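Chains, contacts and geometry: an overview
Listed below, chain by chain, are the residues.
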Amino acid sequence: MKAIAEALRNGSSFLVAAHYNPDGDAIGSTAALGHVLTALGKEVTLFNHSGTNCRYDWVKLPSPIVSELPEKLPEWTIILDCGNDERMGETLRSRLDETRVINIDHHLGNPMFGELNWVDVSHPAVGTMIAALAEELDVPLDGPIAEAVYMATSTDTGFFTYGNTTPESLELAAKLLRNGLDLQTVNMNITKQWTENRLRLTNEVLGGVELFENGQVAVAPVTREMFERTGTVASDTEEIINFVRKLKSVRVAALLREEGDEQWKFSLRAYGEDNVQEVAASFDGGGHKNAAGGMVYGTLEEARKTLVERITTMLGL
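All of the points below concern the structure found in this document. Treat the numbers as computed from the prediction; the structure is a model and nothing was measured.

With that out of the way, let us pick up the sheet that holds strand β5 (residues 100-105). Read across the open sheet, the 6 strands follow the order β3-β2-β1-β4-β5-β6; overall the sheet is parallel. Only two strands of the sheet have a single partner each, and these edge strands are β3 (65-66) and β6 (116-119). Bridging between strand β4 (residues 76-80) and β5 involves 5 bridges; their strand directions are parallel. When the bridges of β5 are listed, leucine 80 appears paired with isoleucine 104. Seen against the sheet, helix α2 (residues 24-39) touches β1 (13-18), β2 (43-47), β3 and β4 and runs at an angle of roughly 170° to β1.

What follows deals with unusual backbone geometry. The backbone of aspartate 138 shows a phi angle near 60°, a positive value even though the residue is not glycine. By the secondary structure assignment, aspartate 138 is in the loop between α4 (126-136) and α5 (143-156). A positive phi angle is found at phenylalanine 160, which is not glycine, with a value near 65°.

Here we come to the sheet that holds strand β9 (residues 252-260). Read across the open sheet, the 6 strands follow the order β7-β8-β9-β10-β12-β11; overall the sheet is mixed. Strand pairing shows two members of the sheet lacking a second neighbour, β7 (210-212) and β11 (286-287), which therefore form its edges. Along the sheet, helix α12 (residues 300-315) makes contact with β7, β8 (217-222), β9, β10 (263-270) and β12 (291-297), crossing β9 at roughly 145°.

Attention now moves to the environment of asparagine 110. For asparagine 110, the location among the structural elements is in the loop between β5 and β6. As for asparagine 110 and asparagine 53, which are separated by 57 residues in sequence, their C-alpha atoms are 26 Å apart. Aside from chain neighbours lying at most four places away, what touches asparagine 110 is Cys82, Gly83, Asn103, Asp105 and Val119. At 2.8 Å, the side chain of asparagine 110 forms a polar contact with the side chain of aspartate 105. Within the local environment of asparagine 110, its side chain forms a polar contact with the backbone nitrogen of methionine 112, the two atoms lying 2.8 Å apart.

Parameters and conventions
- Per chain, the residues get numbers from 1 upward, laid out in the order the sequence is written.
- Given that this is a predicted model, residues contribute local features only at a pLDDT of at least 70 and side-chain atom pairs are listed and counted only at 80 or more, while totals for whole chains, interfaces and linings are drawn from all residues.
- Based on all heavy atoms of the structure, the side-chain values leave hydrogens and waters out of the count.
- Whether two strands pair comes down to DSSP finding at least two bridges between them.
- For the purposes of this entry, the term helix denotes a DSSP run of H or I that reaches at least four residues, the term strand denotes a run of E that reaches at least two, and both are numbered from the N terminus.
- Whether two residues touch is decided by their heavy atoms; if any such pair falls within 4.5 Å, the residues are in contact.
- Orientation is described by lines fitted to C-alpha atoms, with helices fitted over the stretch in contact, and by angles between N-to-C directions that extend from 0 to 180 degrees.
- Polar contact is defined as a pair of N or O atoms within 3.5 Å, subject to the rule that within protein one atom must be able to donate a hydrogen and the other to accept it, and that residues adjacent in sequence are counted only when both atoms are side-chain atoms.

Here's what the structure looks like:
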């Protein structure tokens, strides 16, 4: 962290990017670091391969998040929350040799693709790492930085209910409150974002949940036909898996989202000692111990069967 802080002090221009199809941590840490660099008087460009969506249009940014790279990349590119270099998108990945790279992440198995790498799996969110970096650089954790750090941290910890919640993350939330964070408004902005179409998609997906291994594994398929029928997109599936894992018997919840012909993006959620990151890694995916994902191929029936068998075998269900 100190080496990265020194690079931020001495550098003049920066590109800040996170993984495509960004979640709350990706957008929050991007915004927070953008504000930190702006406070330091640096030239900052915020980038995301897939842009952002209206769910995060309330987040205060130092500059818009663009989906096209500048003709000339800045001196430094900072990659946030990418467990591997593919997650940043091919557009940026193919041009990394044009810039110096800083890699800040908290995922297991990060391949350390940067010139400077700060990968710490003990952090529940990259947002908490940006908060630590801000304090190292003497940038106050208030205003838009506090809102962005809180969004990043709260969404990646399930509002401080997941097993990755640490005493330090709770202390950070308390510090943000003391620094003037309007908790009620920010929480409303984070959570009150559903459309009628998203509600209908959720209803349809939950109605199709299937249980395996005496109810220990739950699988929720999401097909392209469902998206077309409900007028929704991939980002509208966020949080559905958390409903599925509320089932009392379920140890592992899986969401299977159709990405293309016989291509399925899976997301896994578990509790306690059930390590779904190892399951995802067996499919060349990744993530965290209790939250991971990857790709599986075949028809829906084949993909579901393959995934359930792998979960069952690897976790000894």
